[in-house]
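Geometric and topological summary
Each chain, written out:
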Amino acid sequence: AQSVTQLGSHVSVSEGALVLLRCNYSSSVPPYLFWYVQYPNQGLQLLLKYTSAATLVKGINGFEAEFKKSETSFHLTKPSAHMSDAAEYFCAGNTGGFKTIFGAGTRLFVKA
Amino acid sequence: DAGVTQSPTHLIKTRGQQVTLRCSPKSGHDTVSWYQQALGQGPQFIFQYYEEEERQRGNFPDRFSGHQFPNYSSELNVNALLLGDSALYLCASSLVGQQNTEAFFGQGTRLTVV
């Protein structure tokens, strides 16, 4: 069975600091993996996606993620946090079926 | 190009009532999925529609039903509403067979059951 686990429901960083949001997946087949961002009372916006073309994936707003099969991880990073990055972030996966499985989300707080 | 549009944006219903939520997919998309997002949780898959048929269903009771129209738009119906049905309902559209591409999400419908 496929599952997606996000480590840490809340992460707090200072403006300008490194952002690291953790995601691990469990799947019997190589998955397609995604990171979405959600601002309050909004839908989900795609940050980036992994589709096996490259293990290091660059997305919008300076975010990137690295797919590590040996660690079954797909952590999201950004070198320097900005106040506007404060939001809820969701890791999600799809093994080629009809549904995408989402993690529980990590809320990112950015301190001035 | 209009993205995914959902209506209404907010809705308040009483326990036991029925509700219908609507979704228009992104132009060019033919598949619509519905998700329930309870407060503080990730979206949970309800079901997906393609060619006016339900293709897969998540772990939701039969009180949740749906429909897809020839123009690919979709409705989500919930009967006999419970307090626990209060959530943000998200519609996502995609292209059939394109699981390696992202689904595009609407802004959601916030349903409150009182």
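All figures in this text were calculated on a predicted structure; none of them were measured in a lab.

What to know about the overall build of chain B
Along its length, chain B carries zero helices and eleven strands. Along its sequence from the N terminus, chain B presents helices and strands in the succession β-β-β-β-β-β-β-β-β-β-β. Principal-axis analysis of the C-alpha atoms places the extent of chain B at approximately 40 × 25 × 25 Å. Taken over 114 residues, chain B has a buried fraction of 49%. Across chain B, the fraction of contacts at a sequence separation of at least 24, relative to all contacts at a separation of at least 6, is 53%. In the structure as shown, chain B presents an accessible area of about 5400 Å², 48% of it carried by carbon and sulfur atoms. Averaging the coordinates of the 8 positive side-chain charges in chain B and doing the same for the 10 negative ones gives two points 12 Å apart.

Considering the state of the cysteines
When the sulfur atoms of two cysteines share a covalent bond, that bond is a disulfide. Following the criterion strictly, the structure yields two disulfides over all chains and no others. Each disulfide pairs two cysteine sulfurs, and for Cys23 of chain A the partner residue is Cys91 of chain A, the sulfurs being separated by 2.0 Å. In this structure the cystine formed by Cys23 of chain A and Cys91 of chain A twists about its S-S bond by roughly -65°; its chirality is therefore left-handed. Taken as a pair, Cys23 of chain A in strand β3 (residues 19–26) and Cys91 of chain A in strand β9 (residues 87–94) lie far apart in primary sequence, 68 residues in all. As far as burial versus exposure is concerned, Cys23 of chain A and Cys91 of chain A are alike and both buried. Each disulfide pairs two cysteine sulfurs, and for Cys23 of chain B the partner residue is Cys91 of chain B, the sulfurs being separated by 1.8 Å.

A word on the interface of chain B and chain A
Facing 21 residues of chain B, the contacting portion of chain A comprises 21 residues. Interface area for chain B against chain A, summed over the two sides, is near 1800 Å², with a carbon-plus-sulfur share of 54%. Between chain B and chain A we count zero salt bridges in total. The interface formed by chain B and chain A holds five residue pairs in polar contact (both at pLDDT 80 or more) in total. For the side of chain B that touches chain A, the elements supplying multiple residues, two or more each, are β4 (31–37), β5 (44–50), β6 (53–57) and β9 (87–94) of chain B.

Cut-offs used in this document
Residues numbered from 1 in each chain as written. Chains lettered and ligands numbered in written order. Predicted model: local features only at pLDDT ≥ 70, side-chain atom pairs only at ≥ 80, totals over all residues. Heavy atoms only, no water. Helix = DSSP H or I, 4+ residues; strand = E, 2+ residues; numbered from the N terminus. Buried < 20%, exposed > 50% of the residue type's maximum accessible area, 1.4 Å probe, protein only. Contact = heavy atoms within 4.5 Å. Areas by Shrake-Rupley, 256 points an atom, 1.4 Å probe, with all protein chains shown as cover. Lys, Arg positive; Asp, Glu negative; His and termini not counted. Charge placed at Lys NZ, Arg CZ, Asp CG, Glu CD. Disulfide = S-S within 2.5 Å. Buried area = accessible area lost by both parts, 1.4 Å probe. Salt bridge = Lys/Arg side-chain N within 4 Å of Asp/Glu carboxyl O. Polar contact = N/O pair within 3.5 Å; in protein donor to acceptor, adjacent residues only side chain to side chain.

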